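Observations on chain architecture
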2 protein chains.
Amino acid sequence: MPWPITWDDVVAARARLAPHLPRTPLRHYPALDAELGGDVRVLVKHDNHLPTNAFKARNGLALLTALDADARRRGVVAATRGNHGAGLAWAGRLLGVPVTICVPHGNSPEKNLAIRGLGAELIEAGADYDAAVEAATRLVADRGLTMAHSTNDPAVIAGAATITAEILEQVTEPPLDGRLDAIVVAVGGGSQAVGALTAVRARRPDVAVYAVQAAGAPAIHDAWHAGRPLTRDRADTFADGLATRQTYALTFEALREGLADFITVDEDELAAAVRRLIRTTHNLAEGAGAAGLAGLTRLRDRLAGQTVAIILSGSNIDEPTLRRVLG
Amino acid sequence: MPWPITWDDVVAARARLAPHLPRTPLRHYPALDAELGGDVRVLVKHDNHLPTNAFKARNGLALLTALDADARRRGVVAATRGNHGAGLAWAGRLLGVPVTICVPHGNSPEKNLAIRGLGAELIEAGADYDAAVEAATRLVADRGLTMAHSTNDPAVIAGAATITAEILEQVTEPPLDGRLDAIVVAVGGGSQAVGALTAVRARRPDVAVYAVQAAGAPAIHDAWHAGRPLTRDRADTFADGLATRQTYALTFEALREGLADFITVDEDELAAAVRRLIRTTHNLAEGAGAAGLAGLTRLRDRLAGQTVAIILSGSNIDEPTLRRVLG
């Protein structure tokens with residue numbers, strides 16, 4: 001399978017996003033370096049500053065701006081429980097594209113309110129995520145909506161690639177000095193990671209990309225090491241952005257080809273990373289948003305002496321989970 | 001006493017800040033409106049996104065860029081325990097201006113590390129804040145440094161006024177609709193509040209500005225209601241950005257003249273506002289950063305039917321305090 005997107009796709013996505021999404025900051029926190037032992041220089045990419053507090057705003061906007069006028073007029077539908085739905089709803093409101101989000105009954109009321117607050121139509125359907133997918137699929141047929149997949153869409157991956165495209169620019173600007181040796185990226189579906197690989201292959205092939213999943217939701221990690229796609233029955237992690245049970249067609253081969261390594265971290269390591277980001281950067285992080293730091297912490301001996309970027313990809317942690325994480 | 005700064009000063013400060021500080025977002029969270037009962041439309045100004053996670057980056061940069069070349073070369077000194085020092089240090093590194101920060105012995109090691117990490121010289125001197133002020137004053141004499149006051153400087157107030165100047169622009173841009181009836185502003189020394197008053201007087205005199213202090217540190221609130229400057233012995237609040245014990249010459253008369261009202265909130269109300277911001281916006285807030293929301297919550301019946309802006313002015317809350325606030 002050919003590489004899913006080109007560098008030109010990333011440049012085009014940046015141009016489509018630029019009028020609406022300023023670059024997010026890339027910051028260096030000496031206190032964070034010190035907590036990791038002082039041998040790694042960590043740069044934090046603040047995608048938690050985006051509208052909807054998550055990098056999914058990039059993906060949603062990249063997806064909707066890639067549609068033709070007719071598809072935009074009809075609108076899109078997605079099955080999701082969280083950040084993907086909010087990112088689409090935000091982008092849809094911005095562009096006047098109707099967005100329908102299917103969630104299972106019992107979905108977080110906070111998340112439902114956030115999606116509705118952004119003007120999307122929210123449909124509660126079925127008992128679980130798979131039932132919500134079925135409901136969304138019916139709407140594609142019944143209403144002529146476009147299915148907006150969270151990962152399996154070249155425009156989505158190009159949107160996520162703009163994170164690393166920005167990082168590669170920002171490391172060359174004062175007070176930074178051009179140094180960058182590695183990026184540690186969390187994998188839910190793989191858009192951030194394949195986006196990062198696409199950007200570094202084109203612009204900085206010397207930069208290594210490492211991937212991280214939760215040990216309780218290791219489908220893509222296990223598949224990467226096994227060398228073939230696979231599905232797992234369960235995805236148990238408080239980092240709901242990482243709770244995937246399968247590989248995705250558009251990202252798996254690129255992950256296989258490009259990653260320097262793929263590791264897992266357990267729930268305690270994810271929680272420790274959330275606490276560490278709060279303590280040293282004073283930014284909130286959800287579990288998936290802290291997974292890059294958790295992975296870096298695990299890899300710190302291998303990365304000693306290096307400058308390493310992580311992506312604080314989202315801060316949508318609910319209050320009870322945060323209270324539990326803080327202990 | 002004449003008004004301490006003009007609208008032209010604010011415009012000039014914006015021009016000096018613009019190359020280095022993009023506008024911070026102004027966002028509407030329906031979930032936050034709903035928690036307040038649904039009668040007030042709340043707009044949140046995200047100064048927690050600034051470098052150093054606090055609006056003091058504006059103040060520090062406005063102050064340093066207002067110095068002449070000779071003063072910049074010699075450098076500045078300040079006595080501070082927190083955000084003011086970090087804001088100056090950040091701006092000093094950006095502009096190549098030497099910054100010296102005097103803190104008392106026993107100051108938070110996290111805050112000291114953050115200030116040193118930004119390249120400032122940190123001097124630990126004396127047992128309390130007043131002793132740190134004495135040390136800073138000696139450096140003005142001995143080294144020819146400029147004293148950088150956290151409030152009593154027209155450039156600082158003009159820097160803080162850029163917050164409201166941005167808000168007044170942003171309410172006119174989609175998805176907002178021009179509506180703005182009031183701003184509720186926390187008062188430490190008063191730079192944010194006098195900045196807000198300066199901006200609304202010039203551009204939107206229909207907008208009311210309300211001020212908030214902590215009930216445990218009510219010096220300026222009490223003075224406002226008494227009609228004369230005064231000093232208090234104590235300033236007890238976990239919102240350290242509000243822990244001032246006196247009125248300031250450059251802000252007090254303007255507060256007297258311009259504010260619609262001045263209220264206090266207790267520690268429980270501040271803590272509840274931190275939790276509410278986390279729950280509804282998924283952004284971290286320090287006590288002072290949540291004080292605008294705490295004040296708005298207290299005022300919500302008076303502000304029913306209105307659109308009200310609050311400033312999430314900083315997120316530098318330490319982990320033990322956050323754990324206590326979350327309960």
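Residues numbered from 1 in each chain as written. Chains lettered and ligands numbered in written order. Predicted model: local features only at pLDDT ≥ 70, side-chain atom pairs only at ≥ 80, totals over all residues.

1. Things to note about the overall build of chain A
Helices and strands together make up the secondary structure of chain A, namely 14 helices and ten strands. In terms of overall dimensions, chain A has a C-alpha envelope of 55 × 45 × 40 Å along the principal axes. The 327 residues of chain A split such that 56% are buried. A separation of at least 24 residues holds for 74% of the contacts in chain A among residues at least 6 apart in sequence. (Helix = DSSP H or I, 4+ residues; strand = E, 2+ residues; numbered from the N terminus. Buried ≥ 20, exposed ≤ 12 C-beta atoms within 10 Å, placed from the backbone. Contact = placed C-beta atoms within 7 Å.)

2. Here we look at the interface of chain A and chain B
Quite often, the size of an interface is put as the accessible area lost when its parts meet. The interface of chain A with chain B comprises 25 residues on the first partner and 25 residues on the second. Elements that contribute at least two residues to the side of chain A that touches chain B include exactly α2 (30-35), α6 (109-117), α12 (267-281) and α14 (319-326) of chain A. Considering only residue class, the side of chain A that touches chain B consists of twelve nonpolar, seven polar and six charged. (Nonpolar A, V, L, I, M, F, W, Y, C, P; charged D, E, K, R; others polar.)

3. Comments concerning the relation of the copies chain A and chain B
Structural alignment of chain A on chain B gives an RMSD of 0.0 Å, achieved by rotating through 180° and translating 0.0 Å along the axis. Such a combination of rotation and displacement between the chain copies is what one expects of a two-fold axis. No C-alpha of chain A approaches the rotation axis more nearly than that of L284(A), which lies at 2.8 Å. Of all interface residues in chain A, 100% are interface residues in chain B too; the two copies therefore contact each other through one and the same surface. (Least-squares fit on C-alpha atoms with pLDDT ≥ 70 in both.)

4. What to know about the sheet that holds strand β1 (residues 26-28) of chain B
Backbone-to-backbone hydrogen bonds join strands into a sheet, with any given pair of strands oriented parallel or antiparallel. Residue and element names in this part refer to chain B. With mixed pairing, six strands are arranged side by side in an open sheet as β1-β2-β10-β7-β8-β9. Whereas interior strands pair on both sides, the edge strands pair on one side only; in this sheet they are β1 and β9 (261-265). Strand-to-strand twist of the sheet, defined as the mean angle between neighbouring strand axes without regard to direction, takes the value 30°. Judged from the three bridges that link them, β1 and strand β2 (residues 41-46) form a sheet pairing that is antiparallel. (Pairing = 2+ DSSP bridges. Axes fitted to C-alpha atoms, helices over the stretch in contact; angles between N-to-C directions.)

5. Structural notes on the pairing of strand β8 (residues 208-214) of chain A
Residues and elements named next belong to chain A. Of all seven residues that make up β8, six are buried, and the element is covered over most of its length. The pairing of strand β7 (residues 182-186) with β8 spans five bridges and is classified as parallel. For A186, the partnering residue across the bridge sits in β8 and is V212. Since β7 and β8 lie parallel, the crossover through helix α9 (residues 191-203) that links them has a hand, and here it is right-handed. (Right-handed = clockwise from strand over helix to strand, strands pointing away.)

6. A few points about the packing of helix α8 (residues 154-170) of chain A against α9(A)
Residue and element names in this part refer to chain A. Put simply, α8 and α9 touch, their axes get as near as 7 Å, and they point 55° apart. Comparing their axes, α9 and α8 come out oblique. The handedness of the crossing between α8 and α9 is right-handed. Counting all contacts with α8, which are made through V156, I157, A160, A161, I163, T164, A165 and L168, the residues of α9 involved are S191, Q192, V194, G195, A196, T198, A199, V200 and R203. Considered class by class, the residues forming the contact of α8 with α9 number eleven nonpolar, five polar and one charged. (Parallel < 35°, antiparallel > 145°, perpendicular 65-115°, else oblique. Left-handed = near helix turned anticlockwise from the far one by under 90°.)

7. Digging into the nonpolar core
Membership of the largest hydrophobic core comes to 228 residues, with the highest contact counts inside it found for V185(A), L270(A), V185(B) and L270(B). Discounting chain neighbours no more than four positions away, the residues touching V185(A) are Q192(A), A193(A), A196(A), V209(A), A211(A), V212(A), G292(A) and I311(A). (Core = buried A, V, L, I, M, F, W, Y, C linked by C-beta atoms within 7 Å.)

8. Side note on the domain arrangement of chain A
Residue and element names in this part refer to chain A. The domain architecture assigned to chain A consists of domain 1 (7-53 + 153-326) and domain 2 (56-147). Counting from both sides, the interface comprises 22 residues of domain 1 and, opposite them, 18 residues of domain 2. A total of seven residues in the side of domain 1 that touches domain 2 trace back to one element, the largest contributor, which is α8. Split into classes, the residues belonging to the side of domain 1 that touches domain 2 amount to ten nonpolar, eight polar and four charged. (Domains from an automatic or database assignment.)

9. Digging into α8(A)
What sets the pattern is the α-helix's 3.6 residues per turn: residues three or four places apart point alike. All names here are of chain A. Here α8 contains 17 residues, and its C-alpha end-to-end distance of 24 Å stays within 8% of the 24 Å for a straight helix at 1.5 Å per residue. At T162, α8 shows its maximal bend, which comes to roughly 25°. By the criterion of burial, α8 is predominantly enclosed, with 14 of the 17 residues buried. (Expected span 1.5 Å × (residues − 1). Bend = angle between axes of the 7 residues up to and from the residue.)

10. Some remarks on the environment of A132(A)
All names here are of chain A. With respect to the secondary-structure elements, A132 resides in helix α7 (residues 129-143). When the C-alpha positions of A132 and I101 are compared, they lie 8.9 Å apart, and in sequence the two are 31 residues distant. Dropping the residues within four chain positions of it, A132 is found in contact with A79, C102, V103, P104, A125 and G126.

11. Let's talk about the environment of R27(A)
Residue and element names in this part refer to chain A. Topologically, R27 is positioned in strand β1 (residues 26-28). Between the C-alpha atoms of R27 and L43, which are 16 residues apart in sequence, the distance is 5.4 Å. In this view, R27 contacts V44 and H46; residues no more than four positions away in its chain are not counted.

12. A look at the packing of helix α3 (residues 56-65) of chain A against α8(A)
All names here are of chain A. Relative to each other, α3 and α8 sit at 135°, their axes nearing to 7 Å. Comparing the axis directions of α3 and α8 gives the class oblique. Of the two elements, α3 crosses α8, and the hand of that crossing is right-handed. Here α3 contributes R58, N59, L61, A62 and L63 to the contact with α8, which in turn contributes A155, V156, A158, G159, A160, T162 and I163. Grouping the constituent residues of the contact of α3 with α8 by class yields eight nonpolar, three polar and one charged.

13. Focus on the pairing of strand β8 (residues 208-214) of chain B
Alignment of β8(B) against β9(B), held across five bridges, turns out to be parallel. By the bridge assignment, Q213(B) is partnered in β9(B) with T264(B).

14. Digging into the sheet that holds strand β5 (residues 121-124) of chain A
All names here are of chain A. Sheet architecture is open: four strands sit in the order β5-β4-β3-β6, paired in parallel fashion. At either end of the open sheet lies a strand with only one pairing partner, and these are β5 and β6 (146-147). Here strand β4 (residues 99-103) runs beside β5; their pairing, made up of four bridges, is parallel. The residue bridging V103 from the neighbouring strand is E124, located in β5. Strand contacts of α7: β3 (76-79), β4, β5 and β6, with the helix running at about 165° to β3, the strand carrying the most contacts.

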